[in-house]
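# Fold and contact review
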Amino acid sequence: MSLTYPSRLSEVQSYFNNGDVHLGYRRLLDSAIETQDSSVFADTLSFCDWYDDWTEKNTGGDAALNERVTALLQRIGQVPLTAAEPHLKLEARNISKRYQSGSFSLSALDLSLPAGQITGLVGENGNGKTTLLRLLYGELKPDTGRIHYQLNSVQPGASFYDIKTRLAFIPQRPAPWHGLLMDNLQFTATHFGQKGRENTLWTEMIIARMGLRPFREYTWSRISSGYKMRFELARTLIKKPELLLLDEPLANLDVLAQQIILEDLKYIARSQTMPLSIILSSQQLYEVEKVSSEVVFLQKGVARMQNTDGTTNTDQPPLLVIELETTSSREQLQSVFAPTGLQKISFNGGVYILYFDERGSIGSVMKKLGETGLPVRYFRDISVSSRRFFDA
Amino acid sequence: MFTKLNQYLLTHHPLLWNTRIIQFLIVNLLFHLLFFFAGYVSVNAADLQSYYRITSVGDGGLFFFSILLSIVVVITWLVFFLRNNAFKQFYILSRFHLIKEFLLITLLLFSSITYYESYFNGVMTQAKRITDQATLVREANILNLAKAFIPQNKGEYFIGNACNDRTNTDYVQYQADVDYTDSININQTDSNTVRIRRALAKPDAFSYRHYCQTTVNLEGMPGFDTSQQIREKVKRLLDGRQKDSIKAILEEALAISKKYSVNQYINTDELAGLPFLNPGNTISKLYDDYERGGSTNNASPYYFSSYPVRGALTFLQSCYDPAQTERWAFLLAELYTVLGIGIILLCYRRFSKKVFLISLIGGIVWFLFFCLVGVTSQGIATPGYLFIFLFFLFTLMAVVLTRGNKGKTMAGLMQCWHIVMAPALLMVIAGLIAWHKSNAYSLEQLISTEEWCRIHPVYCWIDNNIVLISWVNLGLSFLYVLFIFNAMTKAWQVMADE
């Protein structure tokens, strides 16, 4: 659900009121970034300095924090915003790719990437995720079909180089940076039109937003893989791209960082002034599904689209599918769940996948589990998750 | 200050920041000043006699030190410059970004490999301070006039050698150490010998009046006396029996020699009187042109060494000569070096590392191949035509592959190889034409050069204007890289991999 700007600010205030300070801090920076106003940036960065100091001392004093937050939110709320019209950023029709070696081919698929949305790209290794991303970025030439980019900041008839200035592709293993990280970010910002003081403010804002303030004077070799990905994201955001393609951005992040990054990406994509279309590939299926409007599941180069309601382009509305980790045997499971419409059991990745017919419901399954007392370590309804496609 | 400057450039002029051009130009300026100073202090009046021309100043050690310094500076610069590449990152670039980048690269390279030029400039500045142009001309005129009254070679005073005017029917090639009456060794029927013997029979065969020489030749410099004018001045002094004036001129010549630390030992009183000893102002005594040091009892203690003074003045002349052919040749070589290094650097900046490495290794293989073809074939025709064929093949393939968006690696290779070959193309064509000319000329050697040029005007023009062609080629190569190659690389950059 897209929030209007005042409600977003209220949401930020509520985070702080409820003691969810770190989330509130990030959303506060998001709100400040939305304004694209240098004086707001300056005030926000001043707040960041104070906040860092406050966090370090950890002396309590929530009242002082709330007071400053309220003042800053009022300041942000005074800036008039012009919401950008969300529209399609990319439309791919019937694109397919077969490598010359013949080892792999990506079957024809259609894809639309609208502004303000995240599209997840999942699938096992070697099933074409990176190939699809490289096709969309123009690094590979499709054998069939065509890709149409519709970018606000690029004039019609512009060269493909100009188009690519507004696309951002972050590979799984980003190339190393040289020199100070801050210099690299400012260099990027200058090329994208941020000059002088505005450059410094904009760069500092993004650095703060990505939680990189302590590392800005570091060099590439001094930071961990997770922070490298964050810096890469920071550099990308500085460019204000219209379409962001991320190849396994969560691979080097810890569990908490994965969730934070995904939530942040969702928020960034839904920016009211700079809506962004994001497509990201990942192995973190459930995390990606949580933030994605659409998930593309790739299996041996064939794509299945799945919307948030679980409907796909290839099959009927989903029936009940349960992922279950238990020490019970297959036979025990069959005997317990047969009356509730169990059709098939598959063992995959250390867990059982239970497929039910139209008689199956989550309530009846949970009731059976309770009645029989089966030892359950893990239970998940994956009826509307692309997890159900990962079949052994 | 550097930090502030750096920050300003980073947030306002990313290209200047990335190329580190300001910082390195300042460093290079300091090195140039150091080399200029080294050149300035390395020259004094006493040294000028040993130089003769500007490029003979200095020693090999300093030259190699300047090359070493250039390498260190360029490598250090590359460490900074190669850190960021906005082009490969698909950053927004201004319309002339790529052109400006190449110009900055060449500017930096040029300033980094021309330290020795500043050394020359330091030498020239000091030389000009020692002797300004008006003084130089005056000293040359005095020396040339004084030399007329210091006879050292009878041939210079011979009636038949007057003014070395080859249009003069009386002109003869007289050599003082040859006995023209020797019928055994000398062909007495030779027209030159006949004329010399006829002239030798005259009573004034060797007279001061026939002297028509310029020991120091500053032809083209305003105020310089030609040999004819020297002859007129000598005649006036003789006609007026101006013994004191001659003595004054000789003493001035001694002062000039002393200024350049050239030792002379002459008796000015005696020399001023010698022209008037005999009727017809004939030569009565010759002076040595070097110090014999009294090695034999009969040796004269007097001598006048004109060669070192002439060396000093000729060197000074080269400092004032705007043409300075040698230095222009140096500059041309330096600019071609800059262009070559710039192109290699550009290939690294514009293409992927894979393309660059393959093209580099392939380029070395091509070079060895051409050497092999050159060694095994006679003349330059085979490697020359092969070069032209390959250049056009690479260019055609680069255009076709890039426009067709097919074979990105191959397209990059073709682009790299064609641009490396491009600056040599015109010179190879000119070389082939010159080679054909020399072959044809050897077959038609019976005709004069003028006649040959009338028959083959194009060949002749190329042969006579190879330096001009080199400059034009250099300019065209720069323009090609700036406006054509840069556009090609931009098209390559957005090509799909497969």
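Cut-offs and rules
Residues numbered from 1 in each chain as written. Chains lettered and ligands numbered in written order. Predicted model: local features only at pLDDT ≥ 70, side-chain atom pairs only at ≥ 80, totals over all residues. Heavy atoms only, no water. Helix = DSSP H or I, 4+ residues; strand = E, 2+ residues; numbered from the N terminus. Rg over C-alpha atoms; globule rule 2.2 N^0.38 Å. Buried < 20%, exposed > 50% of the residue type's maximum accessible area, 1.4 Å probe, protein only. Contact = heavy atoms within 4.5 Å. Phe/Tyr/Trp six-rings, centres within 6.5 Å; stacked < 30°, edge-to-face > 60°. Lys NZ or Arg CZ within 6 Å of the ring centre and 35° of its normal. Axes fitted to C-alpha atoms, helices over the stretch in contact; angles between N-to-C directions. Parallel < 35°, antiparallel > 145°, perpendicular 65-115°, else oblique. Salt bridge = Lys/Arg side-chain N within 4 Å of Asp/Glu carboxyl O. Pairing = 2+ DSSP bridges. Buried area = accessible area lost by both parts, 1.4 Å probe. Polar contact = N/O pair within 3.5 Å; in protein donor to acceptor, adjacent residues only side chain to side chain. Nonpolar A, V, L, I, M, F, W, Y, C, P; charged D, E, K, R; others polar. pLDDT = per-residue confidence, 0-100. Domains from an automatic or database assignment. Disulfide = S-S within 2.5 Å.

### As for the overall build of chain A
- Summing up its helical and strand segments, chain A has 13 helices and 13 strands in all.
- Against the globule reference of 21 Å for 392 residues, chain A gives a C-alpha radius of gyration of 23 Å, in line with a compact fold.
- Referenced to the eigenvectors of the C-alpha coordinate spread, the extents of chain A come out at roughly 70 × 55 × 40 Å.
- Here chain A holds 392 residues, and the buried ones make up 54% of them.
- When contacts within chain A are restricted to residue pairs at least 6 apart in sequence, those whose partners lie at least 24 apart make up 70%.

### Points about the packing of aromatic side chains
- Across all of its chains, the model carries 53 aromatic pairs over all chains by this definition.
- Each ring, one from Phe35(B) and one from Tyr115(B), has its centre 5.6 Å from the other, and the planes form 15°; the classification is stacked. Pair noted here: Phe35(B) is in helix 3 (residues 21-41) and Tyr115(B) is in helix 6 (residues 115-130), with a separation of 80 residues, a long-range link. Both residues of the pair, Phe35(B) and Tyr115(B), belong to the buried class.
- Grouping aromatic residues by their ring pairs yields a cluster made of Phe63(B), Phe64(B), Tyr116(B), Tyr119(B), Phe120(B) and Phe330(B).
- One residue, Arg27(A), lies across the ring of Tyr267(A), its end atom 4.2 Å from the ring centre.
- The side chain of Lys164(A) reaches across the aromatic face of Tyr137(A), ending 4.1 Å from its centre.

### Focus on the packing of helix 7 (residues 181-191) of chain A against helix 1 (residues 2-12) of chain B
- Orientation of helix 7 of chain A relative to helix 1 of chain B, taken along the N-to-C sense of each, is 40°, at an axis distance of 7 Å. Considered as vectors, helix 7 of chain A and helix 1 of chain B are oriented oblique to each other. Side by side, helix 7 of chain A and helix 1 of chain B meet where Asp183(A), Gln186(A), Phe187(A) and Thr190(A) of the first sit next to Gln7(B), Leu10(B), Thr11(B) and His12(B) of the second.

### A word on the pattern of salt bridges
- Considering all chains together, one arrives at 27 salt bridges over all chains under this definition.
- One salt bridge connects Lys147(B) with Glu156(B), and the closest N-O pair in it is separated by 3.7 Å.
- The partner of Lys285(B) in a salt bridge is Glu270(B), and the shortest N-O contact between them spans 2.6 Å. Here Lys285(B), found in the loop between helix 11 (268-273) and helix 12 (306-320), pairs with Glu270(B), found in helix 11; they are 15 residues apart in sequence, far enough to count as distant.
- We classify Lys285(B) as partly exposed; its relative accessible area is 27%.
- Classification of Glu270(B) by relative accessible area gives partly exposed; the value is 24%.
- In the salt-bridge network here, residues are joined through shared partners; they are Arg26(A), Arg27(A), Asp30(A), Arg209(A) and Asp264(A).

### A short note on the sheet that holds strand 10 (residues 321-326) of chain A
All names here are of chain A.
- With respect to topology, four strands assemble into an open sheet ordered 11-12-10-13, the strand pairing being antiparallel. Edge positions in the sheet fall to strand 11 (342-348) and strand 13 (376-381), since each of these pairs with one other strand and no more. Recorded for the sheet is a direction-independent mean angle of 20° between the axes of neighbouring strands.
- Strand direction decides the pairing type here: strand 10 and strand 13, joined by five bridges, are antiparallel. Looking at strand 13, one finds that Leu 324 is bridged to Phe 379.
- Packed onto the sheet, helix 12 (residues 330-337) meets strand 10, strand 11 and strand 12 (351-356) and runs at close to 155° relative to strand 11.
- The sheet contacts of helix 13 (residues 362-372) involve strand 10, strand 12 and strand 13, and relative to strand 13 the element is tilted by about 170°.

### Some points on the interface of chain A and chain B
- Between chain A and chain B, the residue contacts involve 31 residues of the former and 26 residues of the latter.
- Taken together, both faces of the contact between chain A and chain B bury some 2,600 Å²; the carbon and sulfur share is 58%.
- Summed over the three residues of chain A that lose the most area to chain B, namely Tyr161(A), Phe187(A) and His191(A), the buried surface amounts to 32% of that side.
- Inspection of the chain A/chain B interface yields one salt bridge.
- Our count for the chain A to chain B interface comes out at 10 residue pairs in polar contact (both at pLDDT 80 or more).
- It is helix 7 of chain A that contributes the most residues to the side of chain A that touches chain B, seven residues altogether.
- Considered class by class, the residues forming the side of chain A that touches chain B number seven nonpolar, 14 polar and 10 charged.

### Examining unusual backbone geometry
- The phi torsion at Lys300(A) lies on the positive side, around 50°, for a residue other than glycine.
- Even without being glycine, Asn281(B) reaches a positive phi, approximately 50°.
- One can find Asn281(B) in the loop between helix 11 and helix 12.
- According to the relative accessible area criterion, Asn281(B) is buried, its value standing at 7%.

### Remarks on the confidence of the model for chain B
- In the predicted model, chain B carries a mean pLDDT of 87, and 93% of its residues have values of at least 70.
- The least confident element of chain B, judged by mean pLDDT, is helix 17 (residues 449-455) of chain B at 78; the most confident is helix 5 (residues 97-113) of chain B at 96.

### What about the domain arrangement of chain B?
All names here are of chain B.
- Examined at the domain level, chain B breaks down into domain 1 (1-130), domain 2 (133-304) and domain 3 (351-498).
- The centre of domain 1, based on its C-alpha atoms, is set 29 Å off from the matching centre of domain 3.
- Counting residues at the interface gives eight residues for domain 1 and 11 residues for domain 3.
- Summing both sides of the interface, domain 1 and domain 3 together bury roughly 940 Å²; the carbon and sulfur share of this comes to 76%.
- Viewed at the interface, domain 3 and domain 1 are joined by zero salt bridges.
- At the boundary of domain 1 with domain 3, the tally comes to two residue pairs in polar contact (both at pLDDT 80 or more).
- Residues that form the side of domain 1 that touches domain 3 fall into these classes: six nonpolar, one polar and one charged.

### Some words on the state of the cysteines
Residues and elements named next belong to chain B.
- Counted according to the given criterion, the structure contains one disulfide over all chains.
- Cys 453 shares a disulfide with Cys 460; S-S distance 1.6 Å.
- Just so you know, Cys 416 is unpaired, no disulfide at all, and the nearest cysteine sulfur is the one on Cys 347, 3.4 Å from it.

### Remarks on the pairing of strand 10 of chain A
Residues and elements named next belong to chain A.
- Buried residues dominate strand 10, accounting for five of its six residues.
- In this structure, strand 10 lies alongside strand 12, joined through four bridges in antiparallel fashion. Looking at strand 12, one finds that Ile 322 is bridged to Leu 354.

### Brief notes about the environment of Phe63(B)
- Along the chain, Phe63(B) falls in helix 4 (residues 60-81).
- Each C-alpha atom, one on Phe63(B) and one on Val262(B), is 28 Å from the other, the two residues being 199 residues apart in sequence.

### Considering the environment of Ala323(B)
Residues and elements named next belong to chain B.
- When you line up the elements, Ala 323 lands in the loop between helix 12 and helix 13 (325-350).
- For Ala 323, a relative accessible area of 40% puts it in the partly exposed group.
- Taking C-alpha positions, Ala 323 is 45 Å from Val 400, a pair spaced 77 residues apart along the chain.

### What about the side chain of Asn85(B)?
Residue and element names in this part refer to chain B.
- Mapped onto the secondary structure, Asn 85 falls in the loop between helix 4 and helix 5.
- The class for Asn 85 is buried, based on a relative accessible area of 13%.
- Here the side chain of Asn 85 touches Arg 349 through a polar contact of 2.8 Å, landing on its backbone oxygen.

### Concerning the side chain of Lys147(B)
All names here are of chain B.
- Within the fold, Lys 147 resides in helix 7 (residues 133-148).
- Here Lys 147 falls in the buried class, since its relative accessible area comes to 4%.
- Among residues more than four places away in sequence, those in contact with Lys 147 are Gln 152, Glu 156, Tyr 157, Tyr 211, Thr 215, Phe 304 and Ser 306.

### Description of the domain arrangement of chain A
- Domain assignment breaks chain A into domain 1 (5-77), domain 2 (88-307) and domain 3 (321-389).
- Distance between the C-alpha centres of domain 1 of chain A and domain 3 of chain A: 45 Å.

### What about the environment of Ser42(B)?
All names here are of chain B.
- Residue placement: Ser 42 occurs in the loop between helix 3 and helix 4.
- Classification of Ser 42 as partly exposed rests on a relative accessible area of 25%.
- Along the backbone, Ser 42 and Phe 80 are 38 residues apart, and their C-alpha atoms lie at a distance of 35 Å.
- Other than its neighbours up to four places away in sequence, Ser 42 contacts Asp 47, Tyr 51, Tyr 119 and Val 123.
- Polar side-chain contacts of Ser 42 include one of 2.9 Å to the backbone oxygen of Gly 39.

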